[in-house]
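# Structural description and commentary
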Amino acid sequence: MSKAFYIETFGCQMNVHDSEKIRGVLTARGYEQTPSPDAAELVLYNTCSIRDKAEQKVFARLESLKRRKAGKTIGVLGCAAQHNGEDIFKQAPHVDFVCGSASYNALPALLDRVEAGETRVTGLDIDTDETFDAPQTERGNPYSAYVTIIEGCDKDCAYCVVPFTRGPERSRASRSIMAEARELAARGYTEITLLGQTVNSYRDPSAAGWSFAALLDAVGNVAGIRRVRFTTSHPSDFTRDIVEAIDRNEALCNWVHLPVQSGSTAVLNRMRRTYTRERYLRCVETIKSARRGIELSTDVIVGFPGETEADFEQTLSLLDEVEYGSLFSFKYSPRKGTPAAAFEQVPEEEKSRRLTVLQERQRRIQTRRNAQAVGGAEEALVEGRREKFRQWIGRTTQNRVLNFSDPRGLAGNRDLRGAYCKVRVTGSGPNSLVGVLAAAESAAAFNGFRILQ
Ligand code: SAH
Ligand code: SF4
Ligand code: F3S
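What this report covers is the structure whose coordinates are included nearby. (Residues numbered from 1 in each chain as written. Chains lettered and ligands numbered in written order. Predicted model: local features only at pLDDT ≥ 70, side-chain atom pairs only at ≥ 80, totals over all residues. Heavy atoms only, no water.)

The strand order S15-S16-S17-S19-S18 describes a closed barrel built from five strands, whose pairing is mixed. The sheet shows a mean angle of 55° between the axes of neighbouring strands, taken without regard to direction. Here five bridges tie strand S15 (residues 377-386) to strand S18 (residues 420-428), and the two strands are oriented antiparallel to one another. In the sheet register, alanine 377 faces S18, and the bridge partner there is arginine 424. (Pairing = 2+ DSSP bridges. Helix = DSSP H or I, 4+ residues; strand = E, 2+ residues; numbered from the N terminus. Axes fitted to C-alpha atoms, helices over the stretch in contact; angles between N-to-C directions.)

Take the sheet that holds strand S11 (residues 227-231) next. Spatial strand order, S7-S10-S11: three strands in an open sheet with parallel pairing. With partners counted over all chains shown, the strands left at the sheet margins are strand S7 (144-148) and S11, one partner each. Averaged over all pairs of adjacent strands, the angle between strand axes in this sheet comes to 20°, irrespective of strand direction. Sheet analysis places S7 next to strand S10 (residues 191-195), joined by five bridges and oriented parallel. In the strand pairing of S10, alanine 145 is matched with isoleucine 192. This element, helix H7 (residues 174-186), spans S7 and S10 of the sheet and lies at about 170° to S7. (Contact = heavy atoms within 4.5 Å.)

So, on to the packing of aromatic side chains. Following the criterion strictly, the structure yields seven aromatic pairs and no others. Plain terms: the ring middles of tyrosine 159 and phenylalanine 304 are 6.2 Å apart, the flat faces sit at 80° to each other, and that makes the pair edge-to-face. Of this pair, tyrosine 159 sits in the loop between strand S8 (150-151) and helix H6 (162-166) while phenylalanine 304 is found in the loop between strand S13 (295-302) and helix H12 (309-322), placing the two residues 145 residues apart along the sequence. According to the relative accessible area criterion, tyrosine 159 is buried, its value standing at 10%. Each ring, one from phenylalanine 304 and one from tyrosine 332, has its centre 5.3 Å from the other, and the planes form 75°; the classification is edge-to-face. One end of the pair, phenylalanine 304, is in the loop between S13 and H12; the other, tyrosine 332, is in the loop between strand S14 (326-331) and helix H13 (348-371), and 28 residues separate them in sequence. For phenylalanine 304, a relative accessible area of 0% translates into the label buried. (Phe/Tyr/Trp six-rings, centres within 6.5 Å; stacked < 30°, edge-to-face > 60°. Buried < 20%, exposed > 50% of the residue type's maximum accessible area, 1.4 Å probe, protein only.)

Honestly, that's just the spatial picture; any functional story needs more than this.
Here is the structure:
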């Protein structure tokens, strides 16, 4: 009889994809996924440690499971597992095992021990022999796939736990990446997102010696792959040949996520970000000089230790200068074991105030930028449905959300999820565009847009 497992995932896309790999391992062992922890014999949390709040959420989940523990095995996986190690057992004694992401190739052996009744099992080696091949991966989406190309991080940002939680940087052989990309295309996937904490630091470890740009080009040329994205790029490793590859290869999306963290060189220095404001802006200029309009998005931390009002103003002016399509912003959160945790801190209220000011400034920029798209036509990959509004949820190559209706019933009753549709943009807000399906305005406009039956 199959056993039920429940998994909840916190954190970034790398964790989402790791959970797909874990699901594959468990299914191959005869487990079946269940949507609630109540019915599960095995309860797993794939955790994030990036900010204190993310970690606290996991401990809250564990606490609430305490009284319902009977008959369940509980495992804590991912970054908070790696970061806290055996301390997890102190805080939550009802946890049976912990395993960091760098040890997932040891997961089957670990599960053997757990299934044999052993408790307080740990998999916390930072295993640099990771093979990357995860043939059992069970993806949650049938047309858009994540593919890991580089693991860990060798940068040394003063605020960040990732180098501790995911270990040193190691790239995957180009041949293995290409084999996975071709297999995904053969199975009907049309969009691939290449993943890594510093994805553009990729260096092919095999004799082929591909650059990141060469890899992008090759993945974009796989027959059947229509969209290639990559995240997250580090500004210091963002070379011109990446922009040239995007210009050359239509399948590479017009979107680059390029975290800046701060617009002040003094803060960037203290953060150990390895670039200045000026160098970052030169990189942006290169990206903006592309023939195709490449949209940028970013991450910003406010209230990093020592950030003055003048530093913060520099971040605001950088937002005005770059005009990002979207922004993820965070209040600095001190992390155990990182140098910045020992620096003198900015008061919490001040961090909150800066966050609000920053988000308001960006909201105005996005509202203005999105309005400029109205009247144009966009290709949208349909990702879902908002039944209440009778709208499809799509995404443009520039990574903008484009919700659209089909007032003329051009698609009939077809389920458009996974289809590429031509959409006329009729309206906009700060976070999305709205439009109408335009495919049948002329028969020609419909050519090349696949409609799923
Ligand atoms: N590797 C990527 C992003 C890593 S984590 C990069 O180098 O940009 C995602 C984002 O979380 C970071 O870009 C940063 O903005 C934020 N972050 C990381 N550590 C943080 C901390 N201690 N407090 C607040 N935000 C943090
Ligand atoms: Fe963290 Fe910096 Fe590495 Fe990004 S580049 S994962 S912020 S240490
Ligand atoms: Fe969080 Fe780990 Fe990702 S700390 S952001 S899940 S790499």
